[in-house]
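Single-letter residue listing:
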Amino acid sequence: MSATDAVFDAMRQSEMRAWVGDAEPRAIGEQNFRSIVENFPLRRDHTVFDFGCGIGRTSVPLAEFLTEGRLIGADMVAKQIQFCHLEIASRFPNTAFRCTRAHNPHYYPYAAADRDTAIDEAAFFAAHHGMFDLTVAFSVFTHSIRRWPLAICGRCAT
Ligand SMILES: C[S@@+](CC[C@H](N)C(=O)[O-])C[C@H]1O[C@@H](n2cnc3c(N)ncnc32)[C@H](O)[C@@H]1O
């Protein structure tokens, strides 16, 4: 079984699949990836930021593609980031995932217990300023009430 097959299998079996919309995870991830490459001249040596990565449905096809680059994912729900560490970063060394302490009450029921250990969102963005060739954020702004500082993300596909 390939690394990609194994990760998507783990997603199908995870309760967190429902937290990110409960659709077939591979179909969503591959659909998102297609929309990226159709709209952006993505190169294999690019560094891509998956903002609000959830359990990494989009991160996985990106990690597969970025053979000479990197995929950084961040999400405010620590349990999802733990999943990404365990299932994705362990198989794709070109990936890294961080839990950020963010303001989005919609997700507080999932994130509340982790807010003290997560990295401050502003500090994360400051530390990564200018590092990304592309930021993607699928189904994140549709679940948020705040305005976003898109300028710090550079080019952004949502
Ligand atoms: C509907 S899910 C989509 C997950 C992923 N992008 C995908 O398509 O599979 C939205 C995700 O955004 C995350 N999120 C929402 N606001 C966020 C914020 N301010 N910072 C980090 N993550 C956030 C949530 O925790 C959740 O995992």
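Refer to the structure above for everything that follows.
No experiment lies behind these values; they were computed from the predicted model shown. (Residues numbered from 1 in each chain as written. Predicted model: local features only at pLDDT ≥ 70, side-chain atom pairs only at ≥ 80, totals over all residues. Heavy atoms only, no water.)

**Here we look at the pairing of strand β2 (residues 70–75)**
Logical step 1: Counted residue by residue, β2 has five buried out of six residues, so it is predominantly covered.
Logical step 2: Here strand β1 (residues 47–51) runs beside β2; their pairing, made up of five bridges, is parallel. The residue bridging Thr-47 from the neighbouring strand is Arg-70, located in β2.
Logical step 3: Handedness of the crossover joining β1 and β2 through helix α3 (residues 59–65) is recorded here as right-handed.
Logical step 4: The parallel pair β2 and strand β3 (residues 95–101) is bridged by helix α4 (residues 78–89), and the resulting crossover is right-handed. (Buried < 20%, exposed > 50% of the residue type's maximum accessible area, 1.4 Å probe, protein only. Helix = DSSP H or I, 4+ residues; strand = E, 2+ residues; numbered from the N terminus. Pairing = 2+ DSSP bridges. Right-handed = clockwise from strand over helix to strand, strands pointing away.)

**Some words on the site of the ligand**
Logical step 1: The full set close to the ligand counts 21 residues, and Gly-52, Arg-57, Asp-75, Gln-80 and Phe-138 are the nearest of them.
Logical step 2: Within the backbone of Gly-52, one N or O atom sits 2.7 Å away from a nitrogen atom of the ligand.
Logical step 3: In the model, an oxygen atom of the ligand is placed 2.5 Å from a nitrogen or oxygen of the Arg-57 side chain.
Logical step 4: In isolation the ligand has 590 Å² of accessible area, and contact with the protein removes 99% of it. (Near = heavy atom within 4 Å. Polar contact = N/O pair within 3.5 Å; in protein donor to acceptor, adjacent residues only side chain to side chain. Areas by Shrake-Rupley, 256 points an atom, 1.4 Å probe, with all protein chains shown as cover.)

**Details of the nonpolar core**
Logical step 1: By size, the foremost hydrophobic cluster in this structure holds 30 residues, and its most contacted members are Leu-42, Val-48 and Leu-62.
Logical step 2: Those elements that provide at least two residues to this core are α1 (3–13), α2 (25–39), α3, α4, β3 and β5 (134–136).
Logical step 3: Sort the elements by how many residues they give to this core and α4 lands first, with five residues.
Logical step 4: Apart from the residues within four sequence positions on either side, Val-48 is in contact with Leu-42, Leu-62, Leu-66, Arg-70, Leu-71, Ile-72, Phe-132, Leu-134 and Val-136. (Core = buried A, V, L, I, M, F, W, Y, C linked by side-chain atoms within 4.5 Å. Contact = heavy atoms within 4.5 Å.)

**Thoughts on the packing of aromatic side chains**
Logical step 1: Taken as a whole and assessed by the stated rule, the structure comprises seven aromatic pairs.
Logical step 2: Geometrically, the ring pair formed by Phe-33 and Phe-65 is tilted, given 5.6 Å between the ring centres and 55 degrees between the ring planes. With Phe-33 in helix α2 and Phe-65 in helix α3, the pair connects residues that are 32 residues apart, well separated along the chain.
Logical step 3: Overall, the relative accessible area of 16% leaves Phe-33 in the buried class.
Logical step 4: A relative accessible area of 16% places Phe-65 in the buried class.
Logical step 5: Between Phe-49 and Phe-124, the aromatic rings sit 5.4 Å apart at their centres with planes inclined by 35 degrees, giving tilted as the arrangement. Placement of the pair is Phe-49 in strand β1 and Phe-124 in helix α6 (residues 121–127), with a sequence separation of 75 residues.
Logical step 6: Phe-49 sits in the buried class, given a relative accessible area of 0%.
Logical step 7: Exposure remark for Phe-124: the relative accessible area of 3% places this residue in the buried category.
Logical step 8: Through a chain of ring-to-ring contacts, the aromatic side chains of Phe-49, Phe-51, Phe-124, Phe-125 and Phe-132 assemble into a single cluster. (Phe/Tyr/Trp six-rings, centres within 6.5 Å; stacked < 30°, edge-to-face > 60°.)

Any link to function would need more than the numbers given here.
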